[in-house]
Amino acid sequence: MTLPVENDWLPILQEQMLTSSYQSLKQFLAHEYQETVVYPEMHHIWQAFEWTPYHEVKVVILGQDPYHGPHQAHGLSFSVLPNVKIPPSLVNIYKELESDLGIPPANHGYLEAWAKQGVLLLNTVLTVQKGQAHSHKGKGWEVLTDAVIKKLSDRDQPMVFILWGTPSIKKRILIDETKHVVLTSVHPSPLSAYRGFFGSKPFSRANEALTQFGETPIDWKLPDSV
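Sequence positions are assigned chain by chain, starting from 1 and proceeding in written order. Where local features are concerned, this predicted model is filtered to residues with pLDDT of at least 70; where side-chain atom pairs are given and counted, the filter is 80 or more; whole-chain, interface and lining totals use all residues. Side-chain numbers come from the whole structure's heavy atoms, not from hydrogens or water.

**Notes on the packing of aromatic side chains**
Paired rings are identified among Phe, Tyr and Trp, the last through its six-membered ring, by centres lying within 6.5 Å, and are further divided according to the angle between planes into stacked (under 30 degrees), edge-to-face (over 60) and tilted (the rest). Tallied over the full model, the rule gives 12 aromatic pairs. Seen in terms of ring centroids, tryptophan 9 and phenylalanine 49 are 5.0 Å apart; in terms of plane orientation they differ by 80°. Their pairing is edge-to-face. Pair noted here: tryptophan 9 is in the segment before helix H1 (10-17) and phenylalanine 49 is in helix H3 (residues 47-51), with a separation of 40 residues, a long-range link. Like tryptophan 9, the residue phenylalanine 49 is buried in the burial classification. Here the aromatic rings of tryptophan 114 and phenylalanine 203 are separated by 6.1 Å at their centres, their planes lie at 50°, and the arrangement is tilted. Of this pair, tryptophan 114 sits in helix H5 (residues 112-115) while phenylalanine 203 is found in helix H8 (residues 202-213), placing the two residues 89 residues apart along the sequence. For the residue pair tryptophan 114 and phenylalanine 203, the accessibility class agrees, reading buried in each case. Three or more aromatic residues joined by ring pairs make a cluster, and in this case those are Trp9, Trp46, Phe49, Tyr54 and Trp141. In this description a helix means any DSSP run of H or I spanning at least four residues, a strand means any run of E spanning at least two, and both kinds are numbered starting from the N terminus. With a 1.4 Å probe rolled over the protein chains alone, any residue whose accessible area is under 20% of its type maximum counts as buried; one over 50% counts as exposed, and the rest are partly exposed.

This is the structure we're talking about:
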């Protein structure tokens, strides 16, 4: 599995690739990609790291595992490829964005513009078998993404971590909250959004924290077309 990352994530990820956990994961994925249908496509696995370099991360939005439907996942949590129907969780994210900042929902689900501003759209697990949610859970991705979160926490420049849902909130122990701001709520999926995601105002709260850090806030308004 090649690593197409050409920025300051490269040494961090290469270090993880030397671990026995990753070697086991690599063997598992080689079999899965050969014998089944896996999302995202192999060349998209590392997209979040390609588009949001380590020293440019301002906000981390932590999801669970990729969408498991055709043509959806492309390596960024909650984002889908252009011309793909917006999934229910992202519909709810857009509803909260409009409630929070008055930004109307985009007509697409392609979140590249957020990533290019320093929003690391990270999942705790980076691959999934078609139609089988959580099918790659516990295979080794969590070890790598835990290390990524720790490396971000170690950075001197503070950032905002947005943790949605129980699996993401469990990662809170990896984050130094004397430096960084952590925002949590239930997951934005239709099953849970009404239990505390709506009204949590993560976008305005993240920007308020960035302003306090001396950083430029995120422009959460997505372009009309991609």
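So, next bit.
**Section: the side chain of serine 77**
Following the sequence through the fold, serine 77 ends up in the loop between strand S2 (59-63) and helix H4 (88-101). In terms of polar contacts, serine 77 uses its side chain to reach the backbone carbonyl oxygen of isoleucine 61, at 3.2 Å. Here serine 77 is in contact with Ile61, Gly63, Leu111, Leu121, Leu122 and Asn123, once residues within four sequence places are set aside. Two N or O atoms count as a polar contact when they lie within 3.5 Å, although within protein this holds only if one can serve as hydrogen donor and the other as acceptor, and sequence-adjacent residues are included solely when both atoms are side-chain atoms. Two residues form a contact once any of their heavy atoms are found within 4.5 Å.

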